[in-house]
Amino acid sequence: QVQLVESGGGLVQPGGSLRLSCAASGGIFGYNVMGWYRQAPGKQRDMVASITSRGTINYADSVKGRFTIARDNSLNTLYLQMNSLKPEDTAVYYCHFKLIIGQEYNYWGQGTQVTVSS
């Protein structure tokens with residue numbers, strides 16, 4: 001069983017920066033994908049960025065050039081550096097872990113609130 005604990009959310013002014021962290025514990029092995037999703041009130045949960053255990057990275061178009069995803073496999077920790085934040089980035093951000101061993105196993109963190117407002 002994989003457990004994910006996010007931290008680093010908060011209130012920031014437009015143009016500011018935040019760094020989210022996600023500490024993973026449990027069955028972290030094999031080929032896997034870690035990522036950040038976000039969900040604003042009344043909207044669906046969307047992928048923000050993802051990184052595989054082999055280092056392949058994907059970003060949503062809305063965050064390209066502003067957000068950077070990284071992972072430290074020795075610490076089983078995922079990061080999301082968010083720069084040039086905009087009010088439309090306001091959402092609950094969720095850490096996601098997908099283990100692929102014949103079939104997919106998906107795990108979610110509890111979420112952390114990011115609010116961009118002046």
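Figured I'd write up the structure that's included with this text.

Rules used in this analysis
- Residues numbered from 1 in each chain as written.
- Predicted model: local features only at pLDDT ≥ 70, side-chain atom pairs only at ≥ 80, totals over all residues.
- Heavy atoms only, no water.
- Disulfide = S-S within 2.5 Å.
- Helix = DSSP H or I, 4+ residues; strand = E, 2+ residues; numbered from the N terminus.
- Buried < 20%, exposed > 50% of the residue type's maximum accessible area, 1.4 Å probe, protein only.
- Pairing = 2+ DSSP bridges.
- Axes fitted to C-alpha atoms, helices over the stretch in contact; angles between N-to-C directions.

## Some points on the state of the cysteines
- In this structure the tally under the stated criterion is one disulfide.
- Here Cys-22 engages in a disulfide with Cys-95; their sulfurs sit 2.1 Å apart. Taking the sign of the S-S torsion, -80° for the link of Cys-22 and Cys-95, the bridge is left-handed. Remark: Cys-95 occurs in strand β9 (residues 91-101) and Cys-22 occurs in strand β3 (residues 18-25); sequence separation between them is 73 residues. Exposure class is identical for Cys-22 and Cys-95. Each is buried.

## Re the sheet that holds β3
- Overall, antiparallel pairing links the four strands, which are arranged β1-β3-β8-β7 in an open sheet. Looking at strand neighbours, the two that pair on one side only are β1 (3-7) and β7 (67-72), the edges of this open sheet. When strand polarity is set aside, the average angle formed by the axes of neighbouring strands in this sheet is 15°.
- Relative to strand β8 (residues 77-82), β7 runs antiparallel, the two being bridged by six bridges. Within the sheet, the bridge partner assigned to Asp-72 lies in β8 and is Thr-77.

## Side note on the pairing of strand β11 (residues 112-116)
- Side-chain alternation along β11 places Thr-112, Val-114 and Val-116 on a buried face and Gln-113 and Thr-115 on a face that remains uncovered.
- In the sheet, β9 pairs with β11 via three bridges, with the strands oriented antiparallel. Looking at the pairing, Tyr-93 lines up with Thr-112 of β11.

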